[in-house]
Amino acid sequence: MKIAVLGGDGFVGWPTSLHLSELGHEVHILDNLSRRWIDTELGVQSLTPMDSIQERTRIWHQETGRRIRFHLLDIAKDYDLLKGWLAEHRPDAIVHFAEQRAAPYSMKSDRHKNYTVSNNVNASHNLLNAIVETGIDAHLVHLGTMGVYGYSSVGAAIPEGYLPVGIETLAGDTARQDILYPANPGSVYHMTKCLDQLLFQFYAKNDGVRITDLHQGIVWGTHTDQTRRHPQLVNRFDYDGDYGTVLNRFLIQAAIGYPLTVHGTGGQTRAFIHIQDSVRCIELALKNPPARGDRVKIFNQMTETHRVRDLAELVAKITGARVAYVPNPRKEAAENDLVVRNEQFLELGLKPTTLAEGLLSEVVDVAKKFAYRVDRSRIPALSAWTKDIAPTLDSDPEGKRLRKVS
Ligand code: NAD
Ligand code: USQ
């Protein structure tokens, strides 16, 4: 297949591009490199030294003989360029990662909220609009989030996208319908993914666009089979308070002797997936597209759920790290249960890579190798969800103001 990977320079997009290229697909990365600019804005860098996208693709060609093409393009702003590119290249499938994906970044200021909404919603809408306008029949695979559901299981498992409901009709019968599971975003970023869902629903219904939406949990790990092949194919690895995600942050913190920063009580339960499984799920989704006219196909792309404090304790046990319970910058439930259905990927053959000490240790080893690149002052998460939370935050969890260390 000819596959366009939008956002293919990012943390999940890069290993996905390599994986699809290895499988023999013709891969084109479209990216505006905004994520690299955000690193500059925030004064941070990936823990791992990332080469330019041109250099990365050159090394891939040198190692494998395969070509991945790169096109510098802003999906949210360059509508005509995007339309022209699709009309010329006519991809069979499009994998859409090209959004601002950090909840804390999306909550930093009014400017960051505006940027996240306009970037993410325009990117998805431009893409759908251009697919229809060019008349191509590309299967669109979008990376969504488990966060569209909120994280409460209300005592029932979260279904894969749709909730069957019965509505009492005027005639007194019960009409059965599948509706999108009620959206319950916890940040401006997560809200944009809820808005995306409506865009997809409309374009599938109105224009027959074939769409798969992957409601992904928190991705952890860094290496995949392909990124291990050469030091310059290394993946991005975020550790800072805005872009670092919880388990990867704990592993890096453990590697550099920084206390593990549990927000609040650590009773938040979230869904997780290893990066190797994430790229495999995308392969499976591409192999199993919906038919034209079908409703949006939704998968829960996760393999396990964990409570944040349990993860901290596990990492502490393996590495000897200390755990710090710091004030929570977010407005979120202090404790929640989470049960998620994910049978669709399992039935398609996904063999989950669950949390194992060996894999956790591999990430700690990568982090130790590049520990010299860490700026410790960028570790605290200081983006507050509301103005009244901001003054309560701890900008120095290593220092004396540490509330509690176990
Ligand atoms: P990332 O920030 O590392 O990568 C996103 C890429 O998209 C970057 O290379 C960026 O430059 C590009 N991009 C952003 N806006 C663009 C635009 N307007 N035009 C062109 N390119 C643009 O993020 P990631 O961690 O790789 O996540 C990829 C996708 O997966 C996101 O949509 C995210 O919401 C979703 N997701 C990520 C995780 C996770 O834990 N990382 C979990 C669930 C879902
Ligand atoms: N947390 C800590 N300590 C930290 C960092 C985070 O306790 O140092 C807590 C947070 O308060 C939150 C939980 O860990 O309760 C998860 O935070 P996160 O930053 O790991 O994940 P989140 O903000 O939800 O976002 C990430 C990705 C996003 C993706 C989402 C999937 O950045 O792109 O959509 O995971 S999900 O969480 O399933 O919605």
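Now for a description of the structure that goes with this document. (Residues numbered from 1 in each chain as written. Chains lettered and ligands numbered in written order. Predicted model: local features only at pLDDT ≥ 70, side-chain atom pairs only at ≥ 80, totals over all residues. Heavy atoms only, no water.)

### Here we look at the overall build of the protein chain
Using the following cut-off: Each helix corresponds to a stretch of at least 4 residues labelled H or I by DSSP, and each strand to a stretch of at least 2 residues labelled E; elements are numbered beginning at the N terminus. The globule rule is 2.2 Å times the number of residues to the power 0.38, and the radius of gyration it is compared with is taken over C-alpha atoms. Only protein chains enter the calculation, and the probe is 1.4 Å; a residue is then buried if its accessible area is under 20% of its type maximum, exposed if over 50%, and partly exposed in between. Here, two residues are considered to be in contact whenever any of their heavy atoms come within 4.5 Å of each other. We count Lys and Arg on the positive side and Asp and Glu on the negative side, and we leave His and both chain ends out. To locate a charge, take NZ of a lysine, CZ of an arginine, CG of an aspartate or CD of a glutamate.
When you go through the protein chain residue by residue, the secondary structure sums to twelve helices and 14 strands. Since a compact globule built from 406 residues should have a radius of gyration of about 22 Å, the 21 Å found for the protein chain is in line with a globular shape. Each of the three principal axes of the protein chain carries a C-alpha extent, and together these read 65 × 60 × 40 Å. Expressed as a percentage of its 406 residues, the buried residues of the protein chain come to 58%. Across the protein chain, the fraction of contacts at a sequence separation of at least 24, relative to all contacts at a separation of at least 6, is 81%. In the protein chain, which carries 47 positive and 48 negative side-chain charges, the distance between the mean positions of the two groups comes to 3 Å.

### Details of helix H10 (residues 308–319)
Here is the rule we go by: Take the residue count of a helix, subtract one, and multiply by 1.5 Å to get its expected span.
An ideal rise of 1.5 Å per residue puts 16 Å on twelve residues; H10 measures up with 16 Å between its terminal C-alpha atoms. The inward-facing, buried residues of H10 contact helix H8 (246–255), strand E10 (260–263), strand E11 (269–274), strand E13 (304–307) and strand E14 (323–326). Remark: Gly 320 follows H10 within two positions and exhibits a positive phi of approximately 80 degrees.

### Observations regarding empty space enclosed by the protein
Basically, it comes down to this: Of the two site types, the cavity is a set of points on a 1 Å grid over the protein atoms alone where a 1.4 Å probe fits but cannot get out, and the pocket is an open set with protein on both sides within 12 Å along at least five of seven lines, each lined by residues with an atom within 4 Å of a point. Grid points are joined across faces, edges and corners, and a volume is the space filled by probe spheres set on the points. Three categories are distinguished: nonpolar for Ala, Val, Leu, Ile, Met, Phe, Trp, Tyr, Cys and Pro, charged for Asp, Glu, Lys and Arg, and polar for the others, with Gly belonging to the last.
Summed over all chains, the structure comprises two cavities of 30 Å³ or more. Volume-wise, the largest cavity comes out at about 70 Å³. What lines the largest cavity is simply Arg 249, Thr 261, His 263, Val 326, Pro 327, Pro 329, Pro 380, Ala 381, Leu 393, Asp 394 and Pro 397. Residues that form the lining of the largest cavity fall into these classes: seven nonpolar, two polar and two charged. Considering only enclosed or pocket space, the second largest cavity measures out at about 30 Å³ in volume. Lining the second largest cavity are Phe 11, Arg 101, Val 219, Asp 238, Thr 245 and Asn 248. Class assignment of the residues belonging to the lining of the second largest cavity gives a composition of two nonpolar, two polar and two charged.

### Re the site of ligand 1
Let me state the cut-off plainly: Residue proximity to a molecule or strand is established when one non-hydrogen atom of the residue lies within 4 Å of it. Pairing of N or O atoms within 3.5 Å defines a polar contact, subject to two protein rules: one partner must be a possible hydrogen donor and the other a possible acceptor, and residues neighboring in sequence count only if both atoms are side-chain atoms. Method for areas: the Shrake-Rupley scheme with a 1.4 Å probe, in which residue coverage is limited to the protein chains shown.
The environment of ligand 1 is made up of 29 residues, and the closest members are Val 12, Asp 31, Asn 119, Tyr 189 and Lys 193. One of the backbone N or O atoms of Phe 97 is found 3.3 Å from an oxygen atom in ligand 1. At 2.9 Å, a backbone N or O of Val 219 approaches an oxygen atom of ligand 1. When ligand 1 is considered free in solution it has 830 Å² of accessible area, and contact with the protein chains removes 97% of it. Of all the secondary structure elements, the ones that give two or more residues to the shell around ligand 1 are helix H2 (34–42), strand E5 (139–145), helix H7 (188–207) and strand E9 (218–220).

### Details of the packing of helix H1 (residues 13–22) against helix H9 (residues 275–287)
Threshold: The convention used is that axes are lines fitted to C-alpha atoms, helices contributing only their stretch in contact, and that angles between N-to-C directions extend from 0 to 180 degrees. We call two directions roughly parallel when the angle between them is under 35 degrees, roughly antiparallel when it is over 145, roughly perpendicular when it lies between 65 and 115, and oblique otherwise. Should the near helix be turned anticlockwise from the far one by less than a right angle, the crossing is termed left-handed; should it be turned clockwise, right-handed.
Look at H1 against H9: their axes get within 9 Å of each other, and the N-to-C directions meet at 55 degrees. Taken together, the axes of H1 and H9 are oblique relative to one another. Once H1 is placed against H9, the crossing between them reads as right-handed. Each of Pro 15, Thr 16, His 19 and Leu 20 in H1 lies in contact with H9, whose residues at this interface are Ile 275, Val 279, Arg 280, Ile 282, Glu 283 and Leu 286.

### Some remarks on the site of ligand 2
Close contacts around ligand 2 come from 23 residues, with Tyr 151, Tyr 189, Val 246, Thr 261 and Glu 332 the closest. Gly 147 places a main-chain nitrogen or oxygen 3.0 Å from an oxygen atom of ligand 2. Within the side chain of His 190, one N or O atom sits 3.2 Å away from an oxygen atom of ligand 2. Burial of ligand 2 by the protein chains amounts to 96% of its free accessible area of 730 Å². Secondary structure elements with two or more residues in the shell around ligand 2: H7, H8 and E10. The element contributing the most residues to the shell around ligand 2 is E10, with three residues. Of the residues that constitute the shell around ligand 2, the class distribution is eight nonpolar, ten polar and five charged.

### Looking at the pairing of strand E7 (residues 174–180)
The line we're drawing: By this definition, two strands are paired if DSSP reports at least two bridges between them.
Taken together, the seven bridges between strand E6 (residues 162–168) and E7 define a ladder with antiparallel strand orientation. Residue pairing for E7: Val 165 is matched across the bridge by Gln 177. Counting the residues that bridge the hairpin from E6 to E7 gives five residues, and of these Gly 172 lies at a positive phi of roughly 90 degrees.

### Looking at unusual backbone geometry
One non-glycine residue with positive phi stands out, namely Leu 33, at about 60 degrees. As for its placement among the helices and strands, Leu 33 is situated in the loop between strand E2 (26–31) and H2. Positive phi, close to 45 degrees, is recorded for Arg 90, a residue that is not glycine. Inspection of the secondary structure assignment puts Arg 90 in the loop between helix H4 (79–89) and strand E4 (93–96). Judged by relative accessible area, Arg 90 falls into the partly exposed class, the value being 45%.

### Describing the environment of Leu 86
Residue placement: Leu 86 occurs in helix H4. In this structure Leu 86 comes out as buried when scored by relative accessible area, which is 2%. Ignoring sequence-local partners within four residues, the contact set of Leu 86 consists of Pro 91, Ile 94, Leu 127, Ala 130, Ile 131, Thr 134 and Ile 136.

### Things to note about the layout of surface pockets
Here the second largest pocket is characterised by a volume of approximately 160 Å³. Taken together, Pro 49, His 223, Thr 227, Arg 228, His 230, Pro 231, Val 234, Val 366, Lys 369 and Phe 370 form the lining of the second largest pocket. Residues belonging to the lining of the second largest pocket are distributed by class as follows: five nonpolar, three polar and two charged.

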